[in-house]
Amino acid sequence: MTKRVRKAAGYLSVLLGSVLAVYVGIWRMIIRPLAGLYLAYQAGELTVVYVAAALFKCWLSLTVGGLIWSVGYMVKCMLDA
């Protein structure tokens, strides 16, 4: 591949990794547990175990989002080399 095509593919992989990290890590994995916390609070069924599980899911979502972004960045680094 030419250098310009490889560079463009690298930036595209970082962009795709960033978009997927936001979608999976934030939208799918953080918003749902927080919405569940809110609904449990409104229903009067909020427990310490439910809060701890939601916090664990939020922590895990940030880890997964970082992993997805890192894969996109590593692909860019491989294409730039």
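Whatever comes next refers back to the structure up there.
Each value, and the rule that gives it
- Residues numbered from 1 in each chain as written.
- Predicted model: local features only at pLDDT ≥ 70, side-chain atom pairs only at ≥ 80, totals over all residues.
- Heavy atoms only, no water.
- Helix = DSSP H or I, 4+ residues; strand = E, 2+ residues; numbered from the N terminus.
- Rg over C-alpha atoms; globule rule 2.2 N^0.38 Å.
- Buried < 20%, exposed > 50% of the residue type's maximum accessible area, 1.4 Å probe, protein only.
- Contact = heavy atoms within 4.5 Å.
- Areas by Shrake-Rupley, 256 points an atom, 1.4 Å probe, with all protein chains shown as cover.

(A) Region of the structure containing the overall build of the chain. Regarding its fold elements, the chain presents 3 helices and 0 strands. Along its sequence from the N terminus, the chain presents helices and strands in the succession α-α-α. In terms of C-alpha radius of gyration, the chain reaches 18 Å, well past the compact-globule figure of 12 Å for 81 residues. A principal-axis box enclosing the C-alpha atoms of the chain has dimensions of 60 × 15 × 10 Å. Counting all 81 residues of the chain, 21% fall into the buried class. Residue pairs in contact within the chain that sit at least 24 positions apart in sequence constitute 82% of those at least 6 positions apart. Total accessible area computed for the chain in this model is approximately 6,000 Å², and 75% of it derives from carbon and sulfur atoms.

(B) Looking closely at the environment of Leu67. Here Leu67 is to be found in helix α3 (residues 48-80). For the pair Leu67 and Gly25, spaced 42 residues apart in sequence, the C-alpha to C-alpha distance is 9.4 Å.

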